[in-house]
Amino acid sequence: MEKSNHIDEQTIVKKAQEGDKNAFNQLMEKYQQKIYQLAYAMTGNEEDAYDITQNSFLKAYNALNSFKMESSFYTWIYRIAYNTSINHNRRRKIFSPFSEVTERTFSFENEVIDSLTQEQINKKIAQALNRLPLKSRTVFILHFYENQSFAEISKIMNRNINTIKSLYSYSLKKLKKIIRV
Amino acid sequence: MRCSGISKLLDKYPFLDIQEKTDLEIHLRDCKDCQVKYAQIKRKVDLLNKYQVTKNQDFWSAFNQEFWEKIREQRAPLHQWRLRPIFQSLTMLLLAGLIILTIDYFRPSQEPQESILYYSYDDSEIEESFIDYVAMNEDNSPLLMLFREYLDDLIIGEQIIEEAIPLETELYLIGDQDAKILLNRLKEYETSIAKDSPIYKYLYSKSG
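Residues numbered from 1 in each chain as written. Chains lettered and ligands numbered in written order. Predicted model: local features only at pLDDT ≥ 70, side-chain atom pairs only at ≥ 80, totals over all residues. Heavy atoms only, no water.

**Q** Describe the nonpolar core, listing the residues and the values that go with them.
**A** Counting 80 residues, the largest nonpolar core has Phe24, Phe57, Phe73, Leu129, Phe140 and Tyr145 of chain A together with Phe67 of chain B as its most contacted members. Counting residues per element, this core draws most heavily on helix H2 (residues 21-43) of chain A, which supplies 12 residues. Residues within four places of Phe73 of chain A in sequence aside, it is in contact with Glu9, Val13, Leu27, Tyr31, Leu64 and Phe67 of chain A. (Core = buried A, V, L, I, M, F, W, Y, C linked by side-chain atoms within 4.5 Å. Buried < 20%, exposed > 50% of the residue type's maximum accessible area, 1.4 Å probe, protein only. Helix = DSSP H or I, 4+ residues; strand = E, 2+ residues; numbered from the N terminus. Contact = heavy atoms within 4.5 Å.)

In structure tokens, the structure reads:
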């Protein structure tokens, strides 16, 4: 089933490469929510998440002909989004040197979690995730929220699979320390 | 299993295999201390699981519309502009200016001519074009691997080490042939690479 999905997607990608805008729309609709979720978790900011998602798809569209289908479109677009987020973070650090978060823990203790809106919960969790180093954060998001295998994440981030496993283990342990409920 | 073993399982929670889950359950039946630790960890994991960003159809319709508008702007053919009278006039003015400048350029001058300066771009822009290039190419040649490593090393934890590893140092390791290939591919991909940037100059000198 998964293999046939992959073949279907290859057909859609080929059509998009031939200039079929509907085909690209199909790809975009399939992945935009996931990319947005990743970007939001990486930045903790809706506007930034929107821009990163837009820029990732613009880059993908403009470079579509260089995509040789040696990896899945999913891996490719995630790799673009990951790097676009890195660029974004670099720029943010350059222009906002005082935006660093210095607290070591992130407390939910004084909050009645059930009374928070989904948006408030998302924002708080994204802020907690932001205490993690960027690479660990990415690994955590992809594995915990996107259910991506370590093998797939190693392709997206171009790192050894054992490094990915270590980063994940580190991030999970660290988050459990960071969050105080 | 002892409490120390359970502590390791709690670090891994919620990703435990069947055997680990069974070990945990058995231990928790009798160990009050670990029950408390487990309850804390579970609350945290449950909280993390509440994270869910979903946007409605209207949001994505607006997103897609903006996306295609940007693509249209990028690829707007010139003849569309020519159709509008105001742009016709402006085009004529620009052409006139260009003719005057061209005549002036070829007029003999006593002073030595300065070399033409290329339009300069911000260095971070160049690096970003490299990052994009490396991200979007599936080619796992040693050259691209090298660049990926370089880009990776720019980010150490939360700290961005801007000057820690100068790109030229990494470029130094690139062979002449690779430099030529990379330069050509960069030209294809990103036409706005600053020709006076160290990266471009280096690749250009390497590729002859």
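**Q** Report on the state of the cysteines, specifying residues and quantitative values.
**A** All names here are of chain B. Within the structure shown, the criterion is met by 0 disulfides over all chains. Not part of a disulfide, Cys3 finds its nearest cysteine sulfur in Cys31, a span of 3.8 Å. Free cysteine Cys31: the closest other cysteine sulfur is in Cys34, separated by 3.6 Å. (Disulfide = S-S within 2.5 Å.)

**Q** Run through the pattern of salt bridges, naming residues and quoting values.
**A** One pass over the full model with this rule turns up 7 salt bridges over all chains. Linking Glu46 of chain A and Lys55 of chain B is a salt bridge whose minimum nitrogen-to-oxygen distance equals 3.0 Å. Placement of the pair is Glu46 of chain A in helix H3 (residues 46-62) and Lys55 of chain B in the loop between helix H3 (32-49) and helix H4 (57-74), with the two residues belonging to separate chains. Overall, Lys55 of chain B belongs to the partly exposed group, its relative accessible area being 23%. For the salt bridge of Glu66 of chain B with Lys70 of chain B, the shortest nitrogen-to-oxygen distance reads 3.1 Å. Note that Glu66 of chain B and Lys70 of chain B are positioned in helix H4 at a spacing of 4 residues, about one turn of the helix. (Salt bridge = Lys/Arg side-chain N within 4 Å of Asp/Glu carboxyl O.)

**Q** Any chance you could break down helix H8 (residues 161-178) of chain A for me, citing the residues and the numbers?
**A** All names here are of chain A. Along its 18 residues, H8 runs 25 Å from first to last C-alpha, staying within 8% of the 26 Å computed at 1.5 Å per residue. Within H8, burial applies to Ile164, Leu167, Tyr168, Ser171, Leu172, Leu175, Lys176 and Ile178. The buried side chains of H8 occupy one side of the element, clustering within an arc of 160° when seen end-on. (Expected span 1.5 Å × (residues − 1). Arc of directions from axis to C-beta.)

**Q** Outline unusual backbone geometry, supporting the account with residue identities and numerical values.
**A** Note that the residue after Tyr13 of chain B, namely Pro14 of chain B, is joined by a cis bond; omega there is 15°. Residue placement: Pro14 of chain B occurs in the loop between helix H1 (3-12) and helix H2 (18-30). Phi is positive for Asn147 of chain A, close to 55°, though the residue is something other than glycine. Note that Asn147 of chain A resides in the loop between helix H6 (134-145) and helix H7 (150-157). Assessed through its relative accessible area of 61%, Asn147 of chain A is described here as exposed.

**Q** Describe the side chain of Asp48 of chain A, with residues and values.
**A** Following the sequence through the fold, Asp48 of chain A ends up in helix H3. The contacts of Asp48 of chain A, once residues within four sequence positions are left out, are Thr43 and His88 of chain A.

**Q** Got a sec to walk through the side chain of Gln32 of chain A? Specific residues and values, please.
**A** Within the secondary structure layout, Gln32 of chain A lies in helix H2. The class of Gln32 of chain A is buried, set by a relative accessible area of 3%. Every residue in contact with Gln32 of chain A, bar those within four places of it in the chain, is listed here: Thr53 and Phe57 of chain A together with Trp60, Phe63 and Asn64 of chain B.

**Q** Which residues make up the packing of H2 of chain A against H6 of chain A, and what values go with them?
**A** Between two packed helices, both the angle of their axes relative to each other and the distance between the axes serve to describe the pair. Residue and element names in this part refer to chain A. Taken N-terminus to C-terminus, the directions of H2 and H6 make an angle of 140°; their axes are 10 Å apart at the nearest point. Looking at the two axes, H2 sits oblique to H6. Read as a crossing pair, H2 and H6 show a hand that is right-handed. In contact with Gln37, Leu38, Ala41 and Met42 of H2, H6 contributes Leu134, Arg137, Thr138, Ile141, Leu142 and Tyr145. Here the residues of the contact of H2 with H6 are counted per class, giving 7 nonpolar, 2 polar and 1 charged. (Axes fitted to C-alpha atoms, helices over the stretch in contact; angles between N-to-C directions. Parallel < 35°, antiparallel > 145°, perpendicular 65-115°, else oblique. Left-handed = near helix turned anticlockwise from the far one by under 90°. Nonpolar A, V, L, I, M, F, W, Y, C, P; charged D, E, K, R; others polar.)

**Q** Explain the confidence of the model for chain A to me, using residue names and the numbers behind them.
**A** Low-pLDDT stretches of the model should not have their predicted coordinates read in fine detail. All names here are of chain A. Confidence in the prediction of chain A, expressed as mean pLDDT, is 80, and 83% of residues score 70 or more. No element of chain A has a lower mean pLDDT than strand S1 (residues 106-107), at 64, and none a higher one than H3, at 92. Low confidence marks residues 94-104, where pLDDT is under 50. Its contacts with residues over four positions away, or in another chain, come to 6 contacts. (pLDDT = per-residue confidence, 0-100.)

**Q** I'd like a description of the packing of H6 of chain A against H7 of chain A, backed by residues and values.
**A** Residues and elements named next belong to chain A. Look at H6 against H7: their axes get within 10 Å of each other, and the N-to-C directions meet at 135°. The angle between H6 and H7 falls in the class oblique. The element H6 and its partner H7 pack so that their crossing is right-handed. Contacts between H6 and H7 involve Lys135, Thr138, Val139, Leu142 and His143 from the former and Phe150, Ile153, Ile156 and Met157 from the latter. Here the contact of H6 with H7 is built from residues that sort into 6 nonpolar, 2 polar and 1 charged.

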